Every structure is written in structure tokens, then in C-alpha cells.
Amino acid sequence: MKLDAAQRRALLGHPAGWIACGLGSGLSPRAPGTAGSLAALLPWLVLRDLEWPAYVAVIAFAFALGVWVSNVAIARLRIDDPGVVVWDEFVGQWIALLPLVLAPRAWPWTLAGFALFRLFDIWKPWPVSWADRRIKGGFGVMLDDVVAGLYAAIVLACAMPLI
């Protein structure tokens, strides 16, 4: 989604707008969700060194923050689930990479986690598709990516012992 100048000012005129659009990654003219997922890998480089309880706490805080910033963006843009809101991609991506916090692996596993999350986020298998259609507002924006992240984390965790 491309924002006009007034929408961009409305969104970025509030600090929550900057967070909602993934510190600017959601303003990408092409594939903002993928841009957001890629941008989520930068903080991941720091987060991956946390002990798993602290990592889960960061995800829980980021989820709650995401509900709020998504609601602010929805209200300011007057669009339900605006494509520029990619904080949900950050949280979903960090959930997908949780198995790598529990059992660190080399960088190809990070790429696998990224690819799996993007697959489930785009494909939206049940209940991701159900949540995406029925649950609205900031919670709905966040929920479908959380479920996609959980699917990706499960597949990644199951693959790790095999290779």
C-alpha cells in the first residue's frame, strides 16, 4: 500500500507510527511484509543472545506494544490492517526463530526460519487465514503473524534434529 503525503504525515506524526511501520521498513514500495521480516533480523542479532525466558518476555512485550501501535496506525490511517504496519512481522519473525535461541545453529538456520515464516505468513493456512479474516483491530493485525510464527517455529524445531 502506498501512502499519500497526508497519510504519511498522519502515521509518522506519532511515535507509535514509526514503531508500527517497523522503523520505516513498512514504507517499502514493494513487499513491505518481507521488508519488515528482513528488518526484524537486525534486532534478532542482539536478541538471539538472550536466555530463552528473557527472549520470550521480549516477544510478549513486543506483542502488547504491537497491538497498541497497530491500533494507533489503524485510527490515524482509517484503514483496517494497513500494509505499512509491519511490527507484526517483527514479532512473528522472532517467534519463528525461537528454536535458534533454545539450540543455536549456524546462519543457514536463520535463513530457513525467515523463509518458513514468510511462507506461512503469505500462505495463511488455517487458523492463520481464519484469524486474518475474523479478528480485526490491533489484536487481529498481530495474531495472524503470531500463528504463522508458531507454525514456522514448529517446523524449524522439528527439522533441527534431523540435519
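Scroll up for the structure.
Quick caveat, the model's predicted, so the values are computed rather than measured.

Novice: Quick rundown of a nonpolar patch on the surface? Include the residues and the values.
Specialist: On the surface, a cluster of nonpolar side chains totalling about 310 Å² of accessible area is made up of W52, V56 and L102. By secondary structure assignment, the location of L102 is in helix 6 (residues 98-102). Looking at L102, the relative accessible area reads 52%, which means it is exposed.

Novice: Can you break down the environment of L98 residue by residue, with the values?
Specialist: By secondary structure assignment, the location of L98 is in helix 6. It is 9.2 Å that separates the C-alpha atoms of L98 and L156, two residues lying 58 residues apart in sequence. Beyond its immediate chain neighbours, meaning those up to four positions away, L98 contacts Y55 and V56.

Novice: I'd like a rundown of helix 3 (residues 32-47), residues and numbers included.
Specialist: Given a rise of 1.5 Å per residue, 16 residues ought to cover 22 Å, and the 22 Å separating the end C-alpha atoms of helix 3 matches this to within 8%. P32, G33, A35, G36, S37, A39, A40, L41, W44 and L47 are the residues of helix 3 that are buried.

Novice: Residues and numbers for the packing of aromatic side chains, please.
Specialist: Evaluation of the coordinates by the stated rule reveals seven aromatic pairs. With a centroid separation of 5.5 Å and an interplanar angle of 45°, the aromatic rings of F120 and Y151 are classed as tilted. Taken together, the residues F120 in helix 7 (residues 107-123) and Y151 in helix 9 (residues 137-159) connect sequence positions 31 residues apart. By relative accessible area, which is 9% here, F120 ends up buried. Among the aromatic residues, those joined into a cluster by ring pairs are W87, F90 and W94.

Novice: Which residues make up the nonpolar core, and what values do they have?
Specialist: L11, W44, Y55, W87, V91 and W94 are the most contacted members of the largest nonpolar core, which has 48 residues in total. At nine residues, the largest contribution of residues to this core is made by helix 4 (residues 52-77). Once residues lying within four places of it in the same chain are set aside, the contact partners of W44 are Y55, W94, L97, L100, V101 and T110.

Novice: Tell me what's going on with the packing of helix 3 against helix 5 (residues 87-96), and back it up with residues and numbers.
Specialist: Their axes nearest at 8 Å, the elements helix 3 and helix 5 cross at an angle of 55°. Our classification of the angle between helix 3 and helix 5 gives oblique. Relative to helix 5, the crossing made by helix 3 is right-handed. Contacts between helix 3 and helix 5 involve G33, G36, S37, A39, A40, L41, P43, W44 and L47 from the former and E89, F90, Q93 and W94 from the latter. Within the contact of helix 3 with helix 5, the residues separate by chemical class into eight nonpolar, four polar and one charged.

What counts as what
- Residues numbered from 1 in each chain as written.
- Predicted model: local features only at pLDDT ≥ 70, side-chain atom pairs only at ≥ 80, totals over all residues.
- Heavy atoms only, no water.
- Patch = residues over 30% accessible without salt bridge, like charges linked within 9 Å, V, L, I, M, F, W, Y side chains within 5 Å.
- Areas by Shrake-Rupley, 256 points an atom, 1.4 Å probe, with all protein chains shown as cover.
- Salt bridge = Lys/Arg side-chain N within 4 Å of Asp/Glu carboxyl O.
- Helix = DSSP H or I, 4+ residues; strand = E, 2+ residues; numbered from the N terminus.
- Buried < 20%, exposed > 50% of the residue type's maximum accessible area, 1.4 Å probe, protein only.
- Contact = heavy atoms within 4.5 Å.
- Expected span 1.5 Å × (residues − 1).
- Phe/Tyr/Trp six-rings, centres within 6.5 Å; stacked < 30°, edge-to-face > 60°.
- Core = buried A, V, L, I, M, F, W, Y, C linked by side-chain atoms within 4.5 Å.
- Axes fitted to C-alpha atoms, helices over the stretch in contact; angles between N-to-C directions.
- Parallel < 35°, antiparallel > 145°, perpendicular 65-115°, else oblique.
- Left-handed = near helix turned anticlockwise from the far one by under 90°.
- Nonpolar A, V, L, I, M, F, W, Y, C, P; charged D, E, K, R; others polar.

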